[in-house]
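Notes for the structure review
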Amino acid sequence: MTRPFSAILFDLDGTISDSAPGILESLTHTFRKVGVPVPDRATLMSFVGPPILDTFRIAMGMDEAQAEHTLAAYREHYFSHGALDSAMFPGIDVVLHTLHAAGLPISTATSKPETPATYILEHYGLTDDIDIITGASDDEVRSSKADVVAEALRRLEAHGFDTSRPVLVGDRVHDVEGAAVHGVPVVFAEWGYGSPAEAEGTIARAATPLDLLPILLPDA
């Protein structure tokens, strides 16, 4: 039986990692440091997942210089304090190991820069089951989900993996929209940070990480 997917892309924040506590604490620290009123929790949560520079501009109304200055302050605190103030969602390690053992290539496709993404995945002990870590470039030049998905597919193909039937697992609308640019279907991670409305346009929904297995690997 031909498997439905030949390669799996995973978002990180809200899909593999329950990273909101560290991100929100670092944002709160950052806004106080740069003299910006700390927004309400709903606004803070809007930062979790999408490219952070975009959210500084959109949610906070910052211009380019303000956004860059705030990002620098955020990174300093997040890398030293917030990155590991997180937890792996229960069962996601089993999912990654099962898919990897079945021979399905796996890459992340996260809007988080690759340096902290790698740091976090190494801390969780997940790097043995992830073939390629793809994220935003550390300089944020590559940060949109569409660009990250394109880079993940390019790297998988360059390593000789079959990318003819990819799928992305993610929890936010920017995952859905970014994947759609490349014709990549999305399985929606309902345990993440997105609202039910953000699942529109996905091919399936999973309530828990373990619910991914019958979707991604139905012959298991």
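Before any of the text, the structure's been laid out above.
This structure is a prediction, so every number in the text was calculated from the model and none was measured.

Let's talk about the environment of Pro-4
Counting through the fold element by element, Pro-4 comes out in the segment before β1 (7-10). Take Pro-4: its relative accessible area is 33%, and that puts it in the partly exposed class. Between the C-alpha atoms of Pro-4 and Leu-217, which are 213 residues apart in sequence, the distance is 7.8 Å. Not counting the four nearest positions on each side in its chain, Pro-4 is found in contact with Arg-165, Ile-215, Leu-216 and Pro-218.

Observations regarding the pairing of β1
Residues Ala-7 and Leu-9 line one face of β1 and the alternating positions Ile-8 and Phe-10 line the opposite face, and both faces are buried. Examined bridge by bridge, β1 and strand β7 (residues 166-170) share four bridges and lie parallel to one another. Bridge pairing in β7 places Leu-9 opposite Leu-168. Of the strand pairs in this sheet, β1 and strand β4 (residues 106-108) are connected by three bridges, and their pairing is parallel. Bridging across to β4, Ile-8 finds its partner in Ile-106.

Considerations on the sheet that holds β7
In spatial order, the strands read β4-β1-β7-β8-β9; together these five strands make up an open sheet with parallel pairing. Looking along the sheet, the strands with just one partner apiece sit at the ends: β4 and β9 (204-206). Shown here is a sheet whose adjacent strand axes are inclined to one another by a mean of 25 degrees, direction ignored. Strand direction decides the pairing type here: strand β8 (residues 186-189) and β9, joined by three bridges, are parallel. Paired with Phe-188 across the bridge in β9 is Arg-205.

A closer look at the nonpolar core
Nonpolar side chains in soluble globular proteins generally cluster together in the buried interior. Ranked by internal contacts, the top residues of the largest apolar core, which has 49 residues, are Ile-8, Phe-10, Leu-27, Phe-56, Leu-99, Leu-212 and Leu-216. With five residues, the top contributor of residues to this core is helix α1 (residues 20-34). Among the nonpolar cores identified, the runner-up in size contains 14 residues, and Ala-7, Val-149, Leu-153 and Val-184 belong to it.

Examining the packing of α1 against helix α4 (residues 64-82)
Here α1 crosses α4 at 135 degrees, and the two axes come no closer than 9 Å. The angle between α1 and α4 falls in the class oblique. Crossing angle aside, the handedness with which α1 passes α4 is right-handed. Facing α1, whose interface residues are Gly-22, Ile-23, Glu-25, Ser-26, Leu-27, His-29, Thr-30, Phe-31, Lys-33 and Val-34, α4 presents His-69, Thr-70, Ala-73, Tyr-74, Glu-76, His-77, Tyr-78 and Gly-82. For the contact of α1 with α4, the class distribution of residues is seven nonpolar, eight polar and three charged.

Observations regarding the pairing of β7
Within β7, five of the five residues are buried, which leaves the element mostly enclosed by the surrounding structure. Of the two faces of β7, both are covered, the one formed by Pro-166, Leu-168 and Gly-170 as well as the one formed by Val-167 and Val-169. In this structure, β7 lies alongside β8, joined through three bridges in parallel fashion. The residue bridging Val-169 from the neighbouring strand is Val-187, located in β8. Where the polypeptide runs from β7 across helix α8 (residues 173-180) and back to β8, its parallel neighbour, the crossover connection is right-handed.

Things to note about the packing of aromatic side chains
The final tally for this structure, using the stated rule, is five aromatic pairs. Arranged with centres 6.0 Å apart and planes meeting at 65 degrees, the rings of Phe-31 and Phe-47 form a pair that is edge-to-face. Of this pair, Phe-31 sits in helix α1 while Phe-47 sits in the loop between α2 (41-45) and α3 (52-60), and the two are 16 residues apart along the sequence. Judged on exposure class, the residue Phe-31 and its partner Phe-47 are both buried. Pairwise contacts between aromatic rings join Phe-31, Phe-47 and Phe-56 into one cluster.

What counts and what doesn't
Residues numbered from 1 in each chain as written. Predicted model: local features only at pLDDT ≥ 70, side-chain atom pairs only at ≥ 80, totals over all residues. Heavy atoms only, no water. Helix = DSSP H or I, 4+ residues; strand = E, 2+ residues; numbered from the N terminus. Buried < 20%, exposed > 50% of the residue type's maximum accessible area, 1.4 Å probe, protein only. Contact = heavy atoms within 4.5 Å. Pairing = 2+ DSSP bridges. Axes fitted to C-alpha atoms, helices over the stretch in contact; angles between N-to-C directions. Core = buried A, V, L, I, M, F, W, Y, C linked by side-chain atoms within 4.5 Å. Parallel < 35°, antiparallel > 145°, perpendicular 65-115°, else oblique. Left-handed = near helix turned anticlockwise from the far one by under 90°. Nonpolar A, V, L, I, M, F, W, Y, C, P; charged D, E, K, R; others polar. Right-handed = clockwise from strand over helix to strand, strands pointing away. Phe/Tyr/Trp six-rings, centres within 6.5 Å; stacked < 30°, edge-to-face > 60°.

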